[in-house]
Each structure stands twice: as structure tokens, then as C-alpha cells.
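# Summary of the model geometry
What follows is the residue order along each chain.
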Amino acid sequence: SLNLACAQACAEAYPYFIHDAVFARRLYDCAAEDYAFGISAFKPTEDVCANAQAALCALSLHKLTRDAACIDHAAAFACKVLACQQTEPRTDLTPALCGYFYEDTAHTRPLSFFHNNSEQHMVECFIRLLDAAPAHPDAPLWQRSLELSAQYFRTISGCIPPYGIFP
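Because the structure is a prediction, the values reported are computed rather than measured.

Cut-offs applied
Residues numbered from 1 in each chain as written. Predicted model: local features only at pLDDT ≥ 70, side-chain atom pairs only at ≥ 80, totals over all residues. Heavy atoms only, no water. Helix = DSSP H or I, 4+ residues; strand = E, 2+ residues; numbered from the N terminus. Buried < 20%, exposed > 50% of the residue type's maximum accessible area, 1.4 Å probe, protein only. Contact = heavy atoms within 4.5 Å. Lys, Arg positive; Asp, Glu negative; His and termini not counted. Charge placed at Lys NZ, Arg CZ, Asp CG, Glu CD. Salt bridge = Lys/Arg side-chain N within 4 Å of Asp/Glu carboxyl O. Polar contact = N/O pair within 3.5 Å; in protein donor to acceptor, adjacent residues only side chain to side chain. Axes fitted to C-alpha atoms, helices over the stretch in contact; angles between N-to-C directions. Parallel < 35°, antiparallel > 145°, perpendicular 65-115°, else oblique. Left-handed = near helix turned anticlockwise from the far one by under 90°. Nonpolar A, V, L, I, M, F, W, Y, C, P; charged D, E, K, R; others polar.

## Thoughts on the overall build of the protein
- Helix and strand counts for the protein come out as six helices and zero strands.
- Ordering the α and β elements of the protein from the N terminus gives α-α-α-α-α-α.
- Out of the 167 residues in the protein, the part that is buried amounts to 38%.
- For the protein, the proportion of contacts with a sequence separation of at least 24, taken over those separated by at least 6, is 55%.
- Side chains of the protein give 11 positive and 18 negative charges; the mean places of these two sets differ by 1 Å.

So this is what it looks like as C-alpha cells:
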């Protein structure tokens, strides 16, 4: 949702304007208000990108407000992201791959981006969740997702020799 994107932008900008108390307060208030509205209006979705972005927004708000409910929201969105990851090696592929994400929880189509603008969001949400809530019951799942992603990137990095770039 646009409200969540605005909330995240305001929350991320806040520390850079702390010297201007009036503007910083406005950023804080806008972040909190847009987040509250965005969360209340967020429609449940199976879309991996929407859930990863919502998790990142919740984590930005948690960093700003220290509201534990934001961690709960981020963890719930992260569950949907986890459900979109290929966790077992696909032996029908050469090399056998796992660790990549599908567009949705039904695994209908591998996630791909024509423009590199948000492909890091899935990995970033798990890194930030582990940083914000290392003792959370789902932390081992987030860690495993990161390990699978790393394995995937290591495997595909050798797929286009001699360049060593990702396909």
C-alpha cells in the first residue's frame, strides 16, 4: 500500500532530521499515522513482494517507535514470504536449485525482476527481523531462509562464466 511506503520513508528519514525538532516530530507523526492506516487497510495477499515490503515497513516503524506490535506485524508478513521460498533442491534443474522465491505462496512462477528495484526485499526483511528480534520463535526460520538464499546466490554466480554474475 502507498500508506505503508510513505510510513517507511518518513520513519527512515526521521533520524536525519532530529536536529529540527518540529520537522522530526512531523515525520514521526506521519510515519505513525500512515502506518496505522496502511496496516488497517492492508488486504491479505499471497504476493511475496507485497509481504516483504510490508514487513520492511513494520520494521522501520519498530525502529522508530519501539512498538512491539510492529514486530508481530513484520513476523506475520514474513511467514508469507517464507511460504514463497523454494526450500528443497529442484532436481529437475541443472544445477539443482533452492533458496529462490516464487511470486506467491502457490509457487506458480519464480520471482523475476526486469528492473532491479526490490529484489533484495525478501532477504533484507529476514536480516532486519533477526536484528530486531533475535529471540523470536521464528528466528531459526528466518536464519534458514537467509542460508538458503546465500546457497542460491553462490550456486547461480557460477552459471555465467567467465563473468561470475547472476543470471
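After that view of the structure, there is still more to cover.
## So, the environment of Leu146
- Mapped onto the elements of the fold, Leu146 is located in helix H6 (residues 139-156).
- Along the primary structure Leu146 and Glu124 are separated by 22 residues, whereas in three dimensions their C-alpha atoms are 9.1 Å apart.
- When near neighbours in sequence (up to four residues on either side) are disregarded, Leu146 contacts Val123, Phe126, Ile127 and Leu130.

## Concerning the pattern of salt bridges
- Taken as a whole, this structure holds six salt bridges when the rule is applied.
- Note that Arg109 and Glu103 form a salt bridge whose closest N and O atoms lie 3.1 Å from each other.
- A single salt-bridge network, built from bridges that share partners, covers Glu12, Glu124 and Arg128.

## Examining the environment of Thr108
- For Thr108, the location among the structural elements is in the loop between helix H4 (68-82) and helix H5 (121-132).
- Remark: the alpha-carbon pair of Thr108 and Gln120, spanning 12 residues in sequence, is separated by 20 Å.
- Here Asp104 takes part through its side chain, which lies 2.8 Å from a polar atom of the side chain of Thr108.

## What to know about the packing of H4 against H6
- Where H4 meets H6, the closest approach of the two axes is 11 Å, and the angle between their N-to-C directions is 40 degrees. Overall, the two elements H4 and H6 adopt an arrangement that is oblique. Between H4 and H6 lies a crossing whose hand is left-handed. Between H4, through Ala75, Ala78 and Leu82, and H6, the contact on the second element is made entirely by Leu141, Trp142 and Ser145.
- The residue makeup of the contact of H4 with H6, split by class, is five nonpolar, one polar and no charged.

Coordinates in, geometry out; function isn't part of it.
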